[in-house]
Amino acid sequence: MAESSDLSLRHLLSDEFHPLQPELILASEFEVAAVGGMGAGKSYAACVAAFRHAAKWPGARVLIARFTYDEMVKSTKWLFFEIMKNKGLVKYFERPKNWDYREGTHYCRLKNGSEILFSNLDRNLDKHKNVEYSLVFIDQLEELEFETYQI
């Protein structure tokens, strides 16, 4: 179980955060859409929410996705890995061993059994059918067709 101080918003957010961030991180609704300008911290907050969920719920399965593979690796996955390193949270993970966002399996496993998967949504959506995720974060949702979102 993660230490409560590591999961606190005080630890996970900087001293100067956008008011949207805690609202997104603490949201309890089934579906949440964060709309804001570039630099408002939407992706940062969603990465924090994904980690908090996985840390608090042993055995959770989290999907972090973006439309294309390249964008997912270079932006969303990179950001997630940077947050985990900068906030000292890598200690909660048993995989990946080298903690490099370019590592090709796109899979993180926490010591509590929770999994975080990084994926693209521009092809082969069958890999997501019949998989039960307890939290899904789609970065830049406006890039997707509605039919893809429904899957």
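Enquirer: What should I look at first to understand the packing of aromatic side chains in this one?
Expert: Where two aromatic rings form a pair, the distance of their centres and the angle of their planes describe that pair. Following the criterion strictly, the structure yields 8 aromatic pairs and no others. Considering the side-chain rings of Phe51 and Tyr92, the 5.9 Å spacing of their centres and the 55° angle between planes classify their relative orientation as tilted. In this pair, Phe51 is assigned in helix 4 (residues 42-56) and Tyr92 in the loop between helix 5 (69-86) and strand 2 (93-95), connecting sequence segments 41 residues apart. By the burial criterion, Phe51 is buried, and Tyr92 matches it. Measuring from ring centre to ring centre gives 5.4 Å for Phe80 and Phe118, while their planes differ by 65°; the resulting arrangement is edge-to-face. One end of the pair, Phe80, is in helix 5; the other, Phe118, is in strand 4 (residues 115-120), and 38 residues separate them in sequence. When its relative accessible area of 0% is taken as the criterion, Phe80 is described as buried. Given the relative accessible area of 5%, Phe118 is considered buried. Three or more aromatic residues link up through ring pairs in this structure, and these residues are Phe51, Phe80, Phe81, Tyr92, Phe93, Trp99 and Phe118. The positively charged end of Lys77 is found above the aromatic ring belonging to Phe118, 5.7 Å away from the centroid.

Enquirer: When you look at the pairing of strand 1 (residues 61-66) in this model, what are you seeing that I'm missing?
Expert: Walk down a regular strand and you will see the side chains alternate between the two sheet faces. Counting buried positions over the 6 residues of strand 1 gives 5, a clear majority of the element. Relative to strand 5 (residues 135-138), strand 1 runs parallel, the two sharing 4 bridges. Paired with Val62 across the two strands is Leu135, which belongs to strand 5.

Enquirer: Hey, could you run me through the nonpolar core in this one?
Expert: Taken as a class, soluble globular proteins show a tendency for nonpolar side chains to be buried jointly. If you look at the biggest cluster of nonpolar residues, it comprises 31 residues, and the most contacted ones within it are Phe51, Phe80, Phe93 and Ile116. Mapped by element, the contributors of at least two residues to this core are helix 3 (20-25), helix 4, strand 1, helix 5, strand 3 (107-110) and strand 4. In terms of residues, this core owes the most to one element, helix 4, which gives 8 residues. Those residues in contact with Ile116 that sit more than four places away from it in its chain are Ala50, Ala54, Val62, Ile64, Phe80, Phe93, His106, Tyr107, Cys108 and Leu110.

Enquirer: Explanation requested: helix 4 in the structure shown.
Expert: Along an α-helix, residues three or four apart share an orientation, since each turn contains 3.6 residues. An ideal rise of 1.5 Å per residue puts 21 Å on 15 residues; helix 4 measures up with 21 Å between its terminal C-alpha atoms. Burial of helix 4 is extensive: 13 of the 15 residues sit out of reach of the surface.

Enquirer: Could you clarify how one ought to interpret the sheet that holds strand 3 in this entry?
Expert: Strand pairing in a sheet takes place through backbone hydrogen bonds and is either antiparallel or parallel in direction. Taken together, the 5 strands give an open sheet; going across it, the order is 2-3-4-1-5, and neighbouring strands pair in mixed fashion. One side of each edge strand has no neighbouring strand; the edge strands of this open sheet are strand 2 and strand 5. For this sheet, the mean inter-axis angle between neighbouring strands, taken without regard to orientation, is 20°. Along the sheet, helix 4 makes contact with strand 1, strand 2, strand 3, strand 4 and strand 5, crossing strand 5 at roughly 165°.

Enquirer: Honestly, unusual backbone geometry in this entry has me stumped. Any pointers?
Expert: Where the residue is not glycine, phi is negative for most of them; where a peptide bond is considered, it is trans in most cases. The omega torsion across Arg95 and Pro96 is 0°, close enough to zero to call that bond cis. Among the secondary structure elements, Pro96 is positioned in the loop between strand 2 and strand 3.

Conventions used here
Numbers given to residues run from 1 along each chain, matching the order in which its sequence is written. Thresholds applied to this predicted model are a pLDDT of at least 70 for local features of residues and 80 or more for the giving and counting of side-chain atom pairs; totals over whole chains, interfaces and linings are not thresholded and use all residues. Hydrogens and water are ignored here; the side-chain numbers use all heavy atoms of the structure. Aromatic pairs are defined between Phe, Tyr and Trp rings, using the six-membered ring for Trp, whenever the two ring centres lie within 6.5 Å; interplanar angles under 30 degrees are classed as stacked, those over 60 as edge-to-face, and all others as tilted. A run of DSSP states H or I qualifies as a helix once it reaches four residues; a run of E qualifies as a strand once it reaches two. Both are numbered from the N-terminal end. Whether a residue is buried, partly exposed or exposed follows from its accessible area with a 1.4 Å probe, protein chains only, as a fraction of its type maximum: under 20%, in between, or over 50%, in that order. Both a distance and an angle decide whether a charge sits over a ring: NZ of Lys or CZ of Arg must be within 6 Å of the ring centre and within 35 degrees of the ring normal. Two strands qualify as a pair provided that DSSP identifies no fewer than 2 bridges between them. Residues enter a nonpolar core if they are buried and are Ala, Val, Leu, Ile, Met, Phe, Trp, Tyr or Cys, with the set joined through side-chain atoms within 4.5 Å. Here a residue-residue contact requires only that any non-hydrogen atoms of the pair lie within 4.5 Å. A helix is expected to span 1.5 Å for every residue after the first. Angles run from 0 to 180 degrees between N-to-C directions of axes, and those axes are lines fitted to C-alpha atoms, restricted for helices to the stretch in contact.

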